[in-house]
Each structure stands twice: as C-alpha cells, then as structure tokens.
Amino acid sequence: MAERALLGLFAHPDDESRIVGGTLARYAGEGVRVSLVVATRGEAGSCGEPPLCTPEELPRVRERELAEACRILGVREWQLLDYRDGTLADVDRGELTGQLVTAIRRVRPGVVLTFGPEGRTLHADHITVHYAATAAFELAADPMAYPEQGLSAHTASKLYYTTLPESLVHAINWAYPGIPDDQVTVALDVRPWLDQKKRATNEAHRTQAHDQPFANLTEDARWVALSTEYFHLAATHGIEPAAHEEDLFEGIEP
Ligand SMILES: [Zn+2]
C-alpha cells in the first residue's frame, strides 16, 4: 500500500500549531507522513512577554520552537524557506511558487493544506502563501512547469484551505472573515489531539504563547473554537469533489 502523505504550506512558525495542530497530530498518529513548509522564520514576531531572547536571536529561537512543535505533533519533515517575515507580498511570486512546487514534487503528498484567501487573519504573508500554494498545487502536476528543477511532476489529489464557518465567526465575535457554513467541506473533531495542539502552541512556540488563539473568549468557548478544525476543499485532481466529507483522505486510493 502506498504511504499516505500530507503537506502543509504556511507562512510563519506557529501557524501550523495554532490553525491545524489537531489535524496534523491526528494524521501523524494514524501513520500519515506529515510534512510542512514554512516560508519565513517569523522574525517579525514577538520575542515573548517577558522577552525570552533578543530580536537578533529570534529567527533561530523560532526555528527551534518549530522543531519542538513538530516533535510534539508527530510531523516528520519540515522545511523553512529563507524569506523574511512580513515581506512575502513583495517577493518574486514565481520564485515563491517554484519553491512550493519543489516541495510538492519532493514530498509527493495526496493532500495539500494551506490558508484560504482570507489568510485566516488577513495577514499579507498568509494571503500570499495562499495564492502561491494554490498555483503550486496545479503547477507541480505540469511537467512543462519549472523543468529546471529536474524533479518529476506530481499530481496531488486534493487541495484544502483552512477556514472557519461564518456561524462560528459570528458566535465567537472573530475579527476576521470566515466562509458560508455550507462551503465547509470537512469539520474535523480534534478533541483527542487537543492536548498536543495546546502543547505545541504553548510549550513549543513559547515566544508567541502570550498571544493565545481566540484569547477574547471564555475558557469554555475557547475550548469549542479550538476543538474543531475546518477545511474547504478547493481543488482536486483525479477524484470527484464531494460537498461534505469526514476525512481529508476520503476518495483517495491508498
Ligand atoms: Zn502566521
């Protein structure tokens, strides 16, 4: 049986833990080969409150934090690209897309995960990764694209965007856009992996831990908001897209 593989494409160390930490831990625990590409070292972020390092040390510290989060979540492979935090909207888009194409062709995943067009928090780096990843999902499959990479084309089966349903956005007063509830393809209950998600967010990404996801909520409401991770199926290759699914690998031949 072919090994199942999932590749997440994100902008900063901690995006993976905060947004899809439960999903990554779940699939890693099921034996899926889970890999990540993170475009920057997050050096424009906080050094912690109180500071845990100097701004000069922050890129290295956040790299180690990502490594620790991956260990907690069971993510086997991760790669940091050398882009500067906060600059992705200004970089050569073809080059960024090419780096993500390289990653898809190397990892050869069935499932690719990335931000939706709202970039979760409208962060320009997140939105840029969204567009580059969406293009890379198609271009990785095209042997005519980026031939100079010397890598054989790879047709990933599914591209998902992380998202939040509008009903939840309204219920928790989330400050950023979601998508209509009926556009949510998969709502994954990650309660069994919530402890891993919280440890990756708080104990691994320590410099960012003072800025808790859904910090405006009561503890009960936070628990609800963190316990389900939502995905929109944005594109498929070789399989019929379904409106609603239970599992990111649904419909993919093992
Ligand atoms: Zn981010």
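Shown above is the structure to which this text applies.
Here the structure is a predicted model, which is why all the values come from computation and not from measurement. (Residues numbered from 1 in each chain as written. Predicted model: local features only at pLDDT ≥ 70, side-chain atom pairs only at ≥ 80, totals over all residues. Heavy atoms only, no water.)

Trainee: Would you explain the coordination of the zinc ion in this entry?
Mentor: Angles between donor atoms at a metal ideally measure 109.5 degrees for a four-coordinate tetrahedral arrangement and either 90 or 180 degrees for a six-coordinate octahedral one. Within the first shell, the zinc ion binds the protein through His12 (ND1), Asp15 (OD) and His126 (NE2), at distances of 2.0 to 2.1 Å. The sequence pattern formed by the donor residues of the zinc ion is H-x2-D-x110-H. Residue aspartate 15 is found in helix H1 (residues 15–29), and its partner histidine 126 is found in helix H5 (residues 124–139); the two are separated by 111 residues along the sequence. Judged on exposure class, the residue aspartate 15 and its partner histidine 126 are both buried. (Donors = N, O, S within 2.8 Å, 3.2 Å for Na, K, Ca; no water. Helix = DSSP H or I, 4+ residues; strand = E, 2+ residues; numbered from the N terminus. Buried < 20%, exposed > 50% of the residue type's maximum accessible area, 1.4 Å probe, protein only.)

Trainee: So what exactly am I meant to see when it comes to the sheet that holds strand E7 (residues 228–236) here?
Mentor: In sheet architecture, strand pairing relies on hydrogen bonds along the backbone and comes in two forms, parallel and antiparallel. Read across the sheet, seven strands follow the order E3-E2-E1-E4-E5-E7-E6 without closing on themselves; strand pairing throughout is mixed. Of all strands in the sheet, those bounded by a partner on one side alone are strand E3 (77–83) and strand E6 (186–189). The mean inter-strand angle of the sheet, taken between neighbouring strand axes irrespective of direction, is 25 degrees. For strand E5 (residues 158–163) and E7, the ladder comprises six bridges, and the chain directions are antiparallel. Looking across to E7, one finds that tyrosine 161 is bridged to histidine 232. Against the sheet, helix H2 (residues 58–73) touches strand E2 (33–40) and E3, its axis set at about 160 degrees to E3. Each of E6 and E7 is contacted by helix H8 (residues 219–227), which is oriented at about 25 degrees to E7, the strand it contacts most. (Pairing = 2+ DSSP bridges. Axes fitted to C-alpha atoms, helices over the stretch in contact; angles between N-to-C directions. Contact = heavy atoms within 4.5 Å.)

Trainee: How do you make sense of the pattern of salt bridges when you look at a structure like this?
Mentor: Side chains that differ in charge, positive against negative, can pair when their charged atoms come close. Summed over the entire model, instances satisfying the criterion amount to 15 salt bridges. A salt bridge links arginine 4 to glutamate 30; the nearest nitrogen and oxygen atoms lie 3.1 Å apart. Here arginine 4 is found in the segment before strand E1 (5–10), whereas its partner glutamate 30 is found in the loop between H1 and E2, with 26 residues between them in sequence. Shared partners join several salt bridges into a network, and the residues in it are Arg41, Arg60, Glu63 and Asp82. (Salt bridge = Lys/Arg side-chain N within 4 Å of Asp/Glu carboxyl O.)

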